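The chain contents come next:
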Amino acid sequence: MLTFGKLTNSQDKGAPFSPMKHIFKIISLLAAISAFWVGLLQASIIPRTHTWLLPIYLVVSLGCYGLLMVGVGLMQFPTCPQEAVLLQQDIAEAKGFLKDKGVDVGSD
């Protein structure tokens, strides 16, 4: 049973998505990027002024990637006409219930 986004003890073992695996992947990726950056600083392959700017370039690139993914997600967002009709029915039912209780719900 999934409760507020946390796994219960019965699901911890063998679960397809484990929060610890995700955290471990993120930490591993950060360690690899940091090691690569320190290696570039030590080797002096790239001028030192450019090497110091690499973390800033990485953050800006990740921000652009995030914005791109949000834009793509918005462009591919599915429309659900059936769900819209059900939502309107639920709203009408809730308004009727509240009117029966004496609550003013607007002009509609």
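Residues numbered from 1 in each chain as written. Predicted model: local features only at pLDDT ≥ 70, side-chain atom pairs only at ≥ 80, totals over all residues. Heavy atoms only, no water.

Named according to an unreviewed UniProt entry, the protein chain is Dolichol-phosphate mannosyltransferase subunit 3 originating from Linum trigynum. Of the protein chain, the UniProt comment under Subunit (unreviewed entry) reads exactly: "Component of the dolichol-phosphate mannose (DPM) synthase complex." One UniProt comment on the protein chain, placed under Sequence similarities (unreviewed entry), says "Belongs to the DPM3 family." (UniProt positions renumbered as here; feature names shortened; annotations may be inferred.)

**A look at a nonpolar patch on the surface**
On the surface, a cluster of nonpolar side chains totalling about 350 Å² of accessible area is made up of Leu-29, Ile-33, Leu-58 and Leu-62. Given the relative accessible area of 35%, Leu-58 is considered partly exposed. (Patch = residues over 30% accessible without salt bridge, like charges linked within 9 Å, V, L, I, M, F, W, Y side chains within 5 Å. Areas by Shrake-Rupley, 256 points an atom, 1.4 Å probe, with all protein chains shown as cover. Salt bridge = Lys/Arg side-chain N within 4 Å of Asp/Glu carboxyl O. Buried < 20%, exposed > 50% of the residue type's maximum accessible area, 1.4 Å probe, protein only.)

**Description of the packing of aromatic side chains**
Overall, the coordinates contain one aromatic pair when judged by the stated rule. Aromatic side chains Trp-37 and Trp-52 sit 5.4 Å apart centroid to centroid with 85° between the ring planes, which places their arrangement in the edge-to-face category. Of the two residues, Trp-37 sits in helix H2 (residues 19–43) while Trp-52 sits in helix H3 (residues 48–75), which places them 15 residues apart along the sequence. Residue classification places Trp-52 among the partly exposed positions, given a relative accessible area of 46%. (Phe/Tyr/Trp six-rings, centres within 6.5 Å; stacked < 30°, edge-to-face > 60°. Helix = DSSP H or I, 4+ residues; strand = E, 2+ residues; numbered from the N terminus.)

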